[in-house]
Amino acid sequence: MSAVATAPAVRAASAVRPAPLVRTYRFELLKLVTQWRVRLLLLACWLAPGAFVGIVSRQSALPADTVFGRLMHATGWSGALVVLAFACLWALPLLTALVAGDVFAVEDRLGTWRHLLVAVRSPRRVFAGKALASATVIGLLVLGLAASGLVGGLLAAGNRPLAGLDGYPLAGAGLAGRYVLAWLCVLAPTAAFAAVGLLGSVALGRSPMGLVTPAVLAVALAVVQLLPLPLAVRLALPSQGFTAWRGLFVEHVAPGPLVVGVLVALAWAVVATAVAYRLFLRRDFTNPADDGSGRRLVLTGLLPLAALAAVSVLVVSVATPATGSGVDRARLETSLATTYGHLYRLQSQELGRPDVTEAQLQSSAACDKGGSLVEDEGPGNDWRCVVSWHLPGARAVGSAVYQLDVAADGRYVADGDGPQDVNGFFLLRARYGTAPNPLWQFDGLVDLLPPPRKD
Amino acid sequence: MGGASAVRARGVVKTFGDVVALDHVDLDVEEGQVHGLVGPNGAGKSTLLGLLLGLTAADRGRLEVLGTVVGRTGAAPADVAGFVDEPGLYPSLTPRQNLAALASLRDAHADDVAWALDQVGLTEVADDRVRGFSLGMRQRLGLASAMLTRPRLLVLDEPTNGLDPGARRQVHAVVAGLAAAGTAVVLSSHRMDDLAELCSEVTLLTTGRVVFAGPVEKLVAESGEIDHLVRTTDPAAARSVAEQVPGVRVVEPGTGRRPGDDALVVRGSLTAVDELVVRLVCAGVQLRELGPVVAPLEAAFLALTGDEPEDRPDDVVGPLR
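Residues numbered from 1 in each chain as written. Chains lettered and ligands numbered in written order. Predicted model: local features only at pLDDT ≥ 70, side-chain atom pairs only at ≥ 80, totals over all residues.

- Per an unreviewed UniProt entry, chain B is named ABC-2 type transport system ATP-binding protein, and its organism is Microlunatus flavus.
- Here is the UniProt Sequence similarities (unreviewed entry) comment for chain B, exactly as written: "Belongs to the ABC transporter superfamily." (UniProt positions renumbered as here; feature names shortened; annotations may be inferred.)

- For chain A, the name recorded in an unreviewed UniProt entry is ABC-2 type transport system permease protein, with Microlunatus flavus as its organism.

This is how it looks when you write it as structure tokens:
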């Protein structure tokens, strides 16, 4: 390199000044909200859930396969939670794909990278501005889903107590608080999917594959969830938070799966964002052959996430009592007996019978999976349980039979097999008219991570 | 000459993998000067412009921009603006929104948005979406965004690409006005008429190396013999006269001429062609048209880059009348 004397009479140049982050963020936000696709998404998220809940709540056939779906006639809160469940299935990964999955790639398509970098003078701030703007738009979309679903539900079915997944009636501020907390918890896996979208958008350049990265991840995780995997692996998936929020809607919240789900999702969000940041800063924007895509994605993009998944499984295995599938006879019997007790009390109230307490009922359950030749462990639709209870003032012990379909995530559907006067009819004649029989068919939840027993 | 240095590059090298984009390039641009970068595709012009804008850093060598050493990505001074390849515009925004956002990012005054739009003649469409703009309108908006911050060094890549003659004149006027006000302008163009009209100096690049740097006149002078089209009232007599002028050769006409066109094409230095004109007049042959087949700057470009002159339609270069 040759030494060069400084040119004479040069006026001092203004120092290099990157654009302030707030202005960069505002510019990125403006670019996002002026896209017709994002405007359409905002409109859909703020209107469609309310309309959906309003329409479905007025129909006789309810989405009973979805958690809380069978209660949509009973209370508006159930409709709002059905929206949450649907959002966790597909809507949130899709929204993150359409927003975060394209926020970098769009600059490649428009050929505006150089202009943007000359304007901002800091790739770091460009990255931060884009990430924050994406997070803001995704937050607005999530807020729309939550608010619209709730308003639609309350308008359609009213603000009545909700029978939780253990049958316990939730109402008022406590229920509202849990609803807000559930959506806040769901933000963690949403952030993880958004970060994966950012990574795809940075690493795959103008390729449309970047756009679908979060959706591909969601499909892959959905397939994984179908496999008979150990509980530690399930809990260590970034999508765990999309189902763990259900644990909030019981009398005594079981925080284990929820905390694990949120922490794992946040770890994914941090690692994927860090990898995307690193890839972005390494890019040479004057190289016409470099649009950021290429084989390095495998090494620098996917390997850190694969390593994170492995570490997550290891940490969850060591730090939590996650063993086996998490579903066994003892846990199922405990859950079913508790849920039955709460719902029996609810049924008594609706029928106008004298109130009984759970302590008086002393409900218990005896479960068996698939007969004597099958081990009583793991999810499946071949669980058969007998629930017993005591009536105050009566010596006889009541019993009812249920067929249980237990999912790997701990949710189960209990279908009554009799006796007819307890769980044999879909409807019952309540004091105020015909009402669904809460014991005919109900949802329950097995606590997959119970606290250690104190012997 | 003699102004303050806006750009001073010495021995700048930039590679992309095995490809050497810039190979020990020197460049000097003074404030108030319009400096042209010219060269065939892949010569390294855009890479050099990207270095000036701080989009990347040189692998070796030294680059000073407005007295600041640009040794890393993003280190170009705040007084540098421009665009490479094509103007970066967001189609979902209006011109006013595009410029207002840029003004906000670069601390420009809000009033400058209206001024910049007026300079490039886009005030009437300031609130239309950029999505429907023609290439020429986008080029003009790109120029507006580049000059919005009133930079001391303006870097423009093909600023007249896609412009109609009127818009081209407007862009020329804007660039000349900025230079007159002291702004250094570095522009690349494939249009030799742009360079000839705007630039006082040019740097000719080919395969990443500088093959010429200096005033435009020097480049033209170094280009040697130039083909000229000579149209007269008596082609046969004109040919006879031309064959007797020292330093002038009659060249066989190319394929680009009009059917039935009996004009002569002669090759020689400007002095020799001047002598031919004198002799034609003395011989009573009336001269109707005389002009270079290829513009002098283009001829120099083709000679220095090793490309053969191509036959051009007559309207590429307007004959001197």
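Further notes follow.
## Notes on the overall build of chain B
Piece 1. For chain B, the helix and strand inventory stands at 10 helices and 14 strands.
Piece 2. A burial count over chain B gives 48% of its 321 residues as buried.
Piece 3. Long-range pairs, those at least 24 residues apart, make up 70% of the contacts in chain B between residues at least 6 apart in sequence. (Helix = DSSP H or I, 4+ residues; strand = E, 2+ residues; numbered from the N terminus. Buried ≥ 20, exposed ≤ 12 C-beta atoms within 10 Å, placed from the backbone. Contact = placed C-beta atoms within 7 Å.)

## Looking at the overall build of chain A
Piece 1. From N to C terminus, chain A includes 15 helices and 9 strands.
Piece 2. For chain A, the spread of C-alpha atoms along the three principal axes comes to 110 × 45 × 35 Å.
Piece 3. Counting all 455 residues of chain A, 48% fall into the buried class.

## Topic: the interface of chain A and chain B
Piece 1. Counting residues at the interface gives 40 residues for chain A, matched by 40 residues for chain B.
Piece 2. Elements represented by at least two residues in the side of chain A that touches chain B include exactly helix H1 (21-33) and helix H5 (113-120) of chain A.
Piece 3. With 7 residues, the single largest contributor to the side of chain A that touches chain B is H5(A).
Piece 4. Grouping the constituent residues of the side of chain A that touches chain B by class yields 21 nonpolar, 12 polar and 7 charged. (Nonpolar A, V, L, I, M, F, W, Y, C, P; charged D, E, K, R; others polar.)

## What to know about the packing of H1(A) against helix H6 (residues 123-157) of chain A
Residue and element names in this part refer to chain A.
Piece 1. It is at 8 Å that the axes of H1 and H6 come closest, and there the two elements cross at 50°. By the criterion of interaxial angle, the relationship of H1 to H6 is oblique. Handedness of the H1/H6 crossing: right-handed. For the pair H1 and H6, the contacting residues are Leu21, Thr24, Tyr25, Phe27, Glu28, Leu29, Leu32 and Val33 in the first and Arg125, Val126, Ala128, Gly129, Lys130, Leu132, Ala133, Thr136 and Val137 in the second.
Piece 2. Grouping the amino acids of the contact of H1 with H6 by side-chain chemistry returns 11 nonpolar, 3 polar and 3 charged. (Axes fitted to C-alpha atoms, helices over the stretch in contact; angles between N-to-C directions. Parallel < 35°, antiparallel > 145°, perpendicular 65-115°, else oblique. Left-handed = near helix turned anticlockwise from the far one by under 90°.)

## Quick look at the domain arrangement of chain B
Residue and element names in this part refer to chain B.
Piece 1. If you check the domain split of chain B, you get domain 1 (5-214) and domain 2 (223-305).
Piece 2. Between the C-alpha centres of domain 1 and domain 2 the distance comes to 38 Å.
Piece 3. The interface of domain 1 with domain 2 comprises 11 residues on the first partner and 6 residues on the second.
Piece 4. Of all elements in the fold, only helix H6 (192-198), strand S9 (201-206) and strand S10 (209-215) reach the threshold of two or more residues within the side of domain 1 that touches domain 2.
Piece 5. With 4 residues, H6 is the single largest residue contributor to the side of domain 1 that touches domain 2.
Piece 6. Its residues assigned to classes, the side of domain 1 that touches domain 2 shows 8 nonpolar, 2 polar and 1 charged. (Domains from an automatic or database assignment.)

## Some points on the sheet that holds strand S5 (residues 397-406) of chain A
Residues and elements named next belong to chain A.
Piece 1. With antiparallel pairing, the 5 strands of this open sheet are ordered in space as S3-S4-S5-S6-S9. Strands with a single pairing partner mark the edges of an open sheet, and in this sheet they are strand S3 (364-369) and strand S9 (441-445). Within the sheet, the average angular offset between the axes of one strand and its neighbour, ignoring direction, is 30°.
Piece 2. Bridging between S3 and strand S4 (residues 380-390) involves 6 bridges; their strand directions are antiparallel. If you follow Cys367 over to S4, its bridge partner there is Cys385. (Pairing = 2+ DSSP bridges.)

## Considerations on the UniProt feature "transmembrane region" (unreviewed entry) in chain A
Residues and elements named next belong to chain A.
Piece 1. The UniProt record annotates "transmembrane region" (unreviewed entry) at residues 40-57, 77-106, 127-156, 176-199, 211-237, 257-277 and 297-319.
Piece 2. With 100% helix and 0% strand, residues 176-199 has end C-alpha atoms that lie 35 Å from one another.
Piece 3. From the first C-alpha to the last, residues 257-277 spans 30 Å; its make-up is 100% helix and 0% strand.

## Digging into the nonpolar core
Piece 1. Membership of the largest hydrophobic core comes to 232 residues, with the highest contact counts inside it found for Leu198(A), Ala272(A) and Leu52(B).
Piece 2. Sorting elements by how many residues they give to this core places helix H7 (residues 172-203) of chain A first, with 17 residues.
Piece 3. Apart from residues lying up to four places away in sequence, Ala272(A) is in contact with Ala192(A), Ala195(A), Val196(A), Leu198(A), Leu199(A) and Leu305(A). (Core = buried A, V, L, I, M, F, W, Y, C linked by C-beta atoms within 7 Å.)

## Things to note about unusual backbone geometry
Residues and elements named next belong to chain B.
Piece 1. Even without being a glycine, Leu66 presents a positive backbone phi close to 50°.
Piece 2. With respect to the element layout, Leu66 can be found in the loop between strand S4 (60-65) and strand S5 (68-69).
Piece 3. One non-glycine residue, Asp107, lies in the positive phi region at around 65°.
Piece 4. Relative to the elements of secondary structure, Asp107 occurs in the loop between helix H2 (95-106) and helix H3 (110-119).

## What to know about the domain arrangement of chain A
A common way to report how large an interface is uses the accessible area buried once the components associate.
All names here are of chain A.
Piece 1. Taken domain by domain, chain A consists of domain 1 (21-319) and domain 2 (329-445).
Piece 2. Centre-to-centre, using C-alpha coordinates, domain 1 lies 35 Å away from domain 2.
Piece 3. On the domain 2 side, the residues contacting the 16 residues of domain 1 number 15 residues.
Piece 4. A per-class count over the side of domain 1 that touches domain 2 returns 7 nonpolar, 5 polar and 4 charged.

## Re the pairing of strand S3 (residues 34-38) of chain B
Residues and elements named next belong to chain B.
Piece 1. Counting buried residues along S3, 5 of its 5 residues qualify, which places the element largely inside the surrounding structure.
Piece 2. Residues Val34, Gly36 and Val38 point to one face of S3 and His35 and Leu37 to the other, with burial holding for every one of them.
Piece 3. Direction of pairing for S3 relative to strand S8 (residues 184-188): parallel, over a ladder of 4 bridges. By the bridge assignment for S8, Val34 is matched with Val185.
Piece 4. Note that S3 and S9 share 4 bridges and pair parallel. Looking at S9, one finds that His35 is bridged to Glu201.

## Regarding the environment of Val70(B)
Residue and element names in this part refer to chain B.
Piece 1. Inspection of the secondary structure puts Val70 in the loop between S5 and strand S6 (80-83).
Piece 2. Sequence separation of Val70 and Leu52 is 18 residues, and the distance between their C-alpha atoms is 8.0 Å.
Piece 3. Leave out the neighbours within four places in its chain, and Val70 touches Leu51, Gly54, Ala57, Leu63, Val65, Ala75 and Ala76.

## Let's talk about the packing of helix H2 (residues 36-57) of chain A against helix H3 (residues 76-99) of chain A
Residues and elements named next belong to chain A.
Piece 1. Axis separation between H2 and H3 bottoms out at 11 Å; the angle between their running directions is 160°. Relative to H3, the element H2 lies roughly antiparallel. The handedness of the crossing between H2 and H3 is right-handed. Touching Arg37, Val38, Leu41, Pro49, Val53 and Ser57 of H2 are Gly79, Ala80, Val82, Val83, Leu95, Leu98 and Val99, all from H3.

## Notes on the pairing of S4(B)
Residues and elements named next belong to chain B.
Piece 1. Relative to S4, strand S1 (residues 5-16) runs antiparallel, the two sharing 5 bridges. The partner of Val7 across the bridge, within S4, is Val65.
Piece 2. Bridge analysis of S4 against S5 gives 2 bridges, and the strand direction is antiparallel. Directly across from Val65, in S5, lies its bridge partner Thr68.
Piece 3. Hairpin connection from S4 to S5: 2 residues lie between these consecutive antiparallel strands, with Leu66 at a positive phi of about 50°.

## With respect to the sheet that holds strand S2 (residues 19-30) of chain B
Residue and element names in this part refer to chain B.
Piece 1. Reading across from one edge, S2-S1-S4-S5 is the order of the 4 strands in this open sheet, with antiparallel pairing throughout. Edge positions in the sheet fall to S2 and S5, since each of these pairs with one other strand and no more.
Piece 2. Bridge analysis of S1 against S2 gives 8 bridges, and the strand direction is antiparallel. By the bridge assignment for S2, Val12 is matched with Val25.

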